[in-house]
Amino acid sequence: LVPAYADLPKLKKKDTYKVGFAQTESNNPWRLAQTASMKDEAQKRGWQLVYTDAAGSAAKQVADVRSMIAQKVDVILLSPREEKPLVPAVMEAKKAGIPLFLIDRGVDVNLAKGGKDYVAFIGSDFIKEGEMAGEYLAKAVNGKAKIIELQGTVGSSPANDRKTGFEKAIKAYPDIKIIASQSGDFARDKGRQVFETLYQAHPDATALYSHNDEMTMGAIAAMEAAGKVPGKDLILASIDGTRDAAQAVSDGKILVLIECNPKFGPAAFDAIVKYAAGEAVAPRLVNTDRLFNKDNIAAYLPESY
Ligand code: GYE
């Protein structure tokens with residue numbers, strides 16, 4: 001691990017740090033829980049947090065990182081909205097001598113590398129999340145389903161990888177097909193609108209695979225408005241672990257919910273301390289995600305956000 005550091009900016013050991021956190025958007029509970037976790041951790045340690053919200057724009061997020069560089073923050077935590085457009089921001093931080101960690105989403109692996117261009121990626125294995133959802137759904141429907149897929153933000157690593165993982169899992173089942181697939185941009189209202197349109201065009205659909213809980217909640221609203229019963233007329237698989245979705249699992253509307261934990265504060269700040277101490281930091285720090293269904297959701301509900 002250590003030799004790869006040669007390329008990376010160093011971080012001086014200090015009592016407190018000025019940390020930039022470049023958030024991608026704040027329009028959903030997952031993002032709000034993530035931001036709260038960063039703010040809590042900074043406050044707990046007495047560090048300064050420079051927080052920006054790109055409001056769903058990759059271009060603004062690049063500008064946000066540039067302004068953090070201009071303000072000479074000690075270290076940058078970046079949740080890159082999309083895989084390619086944020087690569088220049090990563091490279092500019094490196095050039096400016098500011099160590100950067102990717103939080104929750106990745107950038108294009110061919111254009112920037114952990115341990116070389118940025119210190120590390122801290123987040124979930126999105127391919128595995130998609131696989132877990134696909135495998136569970138496939139078994140539950142006895143290998144037969146017509147699926148509508150709601151994809152996340154186009155060009156984002158979780159949308160790309162959750163699609164790949166799910167497709168991999170259902171490949172073994174010839175009678176399971178994705179009959180329609182479109183982006184709902186990880187947003188509730190967009191998810192509702194897109195699901196409504198796709199379901200009108202494909203009333204024979206029997207299942208929904210949605211890349212996040214907000215879109216799933218939007219789709220549930222559309223199903224109910226159409227007089228359908230989620231959990232009966234359509235079988236649902238979702239990812240994240242928001243309070244609304246956890247409740248929907250408990251109510252039997254969502255069959256399976258794969259966790260994606262947004263509470264990155266402790267892990268991110270610990271990694272900064274480790275890095276400043278000159279200790280080896282793995283280029284990929286992967287969270288372990290749990291699978292929730294009707295049998296185990298009650299214990300998780302109090303933790304949901
Ligand atoms: O699943 C979604 C959010 O990047 C893993 O982004 C994250 C995803 C999360 O908008 O709800």
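Keep in mind that what you see is a predicted model, and the values were worked out from it rather than measured. Counting of residues starts from 1 at the beginning of each chain's written sequence and follows it residue by residue. Given that this is a predicted model, residues contribute local features only at a pLDDT of at least 70 and side-chain atom pairs are listed and counted only at 80 or more, while totals for whole chains, interfaces and linings are drawn from all residues. Heavy atoms throughout the structure, all of them, feed into the side-chain values; hydrogens and water do not.

With respect to the sheet that holds strand β9 (residues 235-240)
The pairing of strands in a sheet comes from backbone hydrogen bonds and takes either a parallel or an antiparallel form. Going by this rule: A pair of strands is labelled paired if DSSP reports no fewer than 2 bridges between them. A run of DSSP states H or I qualifies as a helix once it reaches four residues; a run of E qualifies as a strand once it reaches two. Both are numbered from the N-terminal end. Should any heavy atoms of two residues lie within 4.5 Å, those residues are considered in contact. Axis lines are fitted to C-alpha atoms, over the contacting stretch for helices. Their N-to-C directions set the angle, which ranges from 0 to 180 degrees.
Spatial ordering of the open sheet is given by β7-β6-β8-β9-β10-β12, a layout of six strands whose pairing is mixed. In this open sheet, the two strands that pair with only one neighbour each are β7 (176-183) and β12 (291-292). Where strand β6 (residues 145-151) lies against β7, seven bridges are found, and the strand directions are parallel. Pairing of Ile148 across the sheet is with Ala180, part of β7. In the packing of helix α7 (residues 213-225) onto the sheet, contacts are made with β6, β8 (207-210), β9 and β10 (256-259), and the angle to β9 comes to roughly 150°.

Points about the pattern of salt bridges
For clarity, the cut-off: One side-chain nitrogen of Lys or Arg within 4 Å of one carboxyl oxygen of Asp or Glu is enough to make a salt bridge. Relative accessibility under 20% of the residue-type maximum defines a buried residue, over 50% an exposed one, and the middle range a partly exposed one, all with a 1.4 Å probe and only protein chains included.
All chains considered together, the criterion is met by 24 salt bridges. Here Arg290 ties to Glu303 by a salt bridge, and the two come within 2.8 Å at their closest N and O atoms. Here Arg290 is found in the loop between β11 (284-286) and β12, whereas its partner Glu303 is found in the segment after α10 (297-300), with 13 residues between them in sequence. For Glu303, a relative accessible area of 38% corresponds to the partly exposed category. One salt-bridge network, held together by shared partners, links Glu25, Arg81, Glu82 and Asp185.

Structural notes on the site of the ligand
Rules: Whether a residue is near a molecule or strand is decided by its heavy atoms; if any one of them lies within 4 Å of it, the residue is near. Nitrogen and oxygen atoms within 3.5 Å of one another constitute a polar contact, given that in protein one can donate a hydrogen and the other can accept it, and given that sequence-neighbouring residues count only through two side-chain atoms. For accessible areas, the Shrake-Rupley method is used with a probe of radius 1.4 Å. Any residue's cover is judged against the shown protein chains and nothing else. Here the term charged refers only to Asp, Glu, Lys and Arg, the term nonpolar to Ala, Val, Leu, Ile, Met, Phe, Trp, Tyr, Cys and Pro, and the term polar to all other amino acids, Gly among them.
The full set of residues close to the ligand is Asn28, Trp30, Arg31, Asp104, Arg105, Phe126, Pro158, Arg162, Phe186, Asn212, Asp240 and Cys260. One of the side-chain nitrogen or oxygen atoms of Arg162 is found 2.9 Å away from an oxygen atom of the ligand. Here the ligand, which alone exposes 300 Å², has 100% of that area covered by the protein. Of all the secondary structure elements, the ones that give two or more residues to the shell around the ligand are α1 (29-45) and α5 (157-170). Here the residues of the shell around the ligand sort into five nonpolar, two polar and five charged.

Regarding the environment of Ala22
Considering the arrangement of structural elements, one finds Ala22 in strand β1 (residues 18-23). The class for Ala22 is buried, based on a relative accessible area of 0%. Counting along the chain gives 182 residues from Ala22 to Asp204, while the straight-line C-alpha distance between them is 42 Å. Sequence-distant contacts of Ala22, that is, excluding residues within four places in its chain, are made with Thr52, Gln61, Val65, Met68, Leu77, Leu78 and Ser79.

Some details on helix α3 (residues 87-95)
Definition in use: Regarding the arc, it is the one traced by the directions from the helix axis to the C-beta atoms.
Taken together, the buried positions of α3 are occupied by Val87, Ala89, Val90 and Ala93. Within α3, the buried residues cover an arc of 165° as seen down the axis, which keeps them to one side. On its buried face, α3 sits against α2 (58-70), β3 (75-78) and β4 (100-103). Two residues or fewer past α3, Gly97 is found with a positive phi of approximately 80°.

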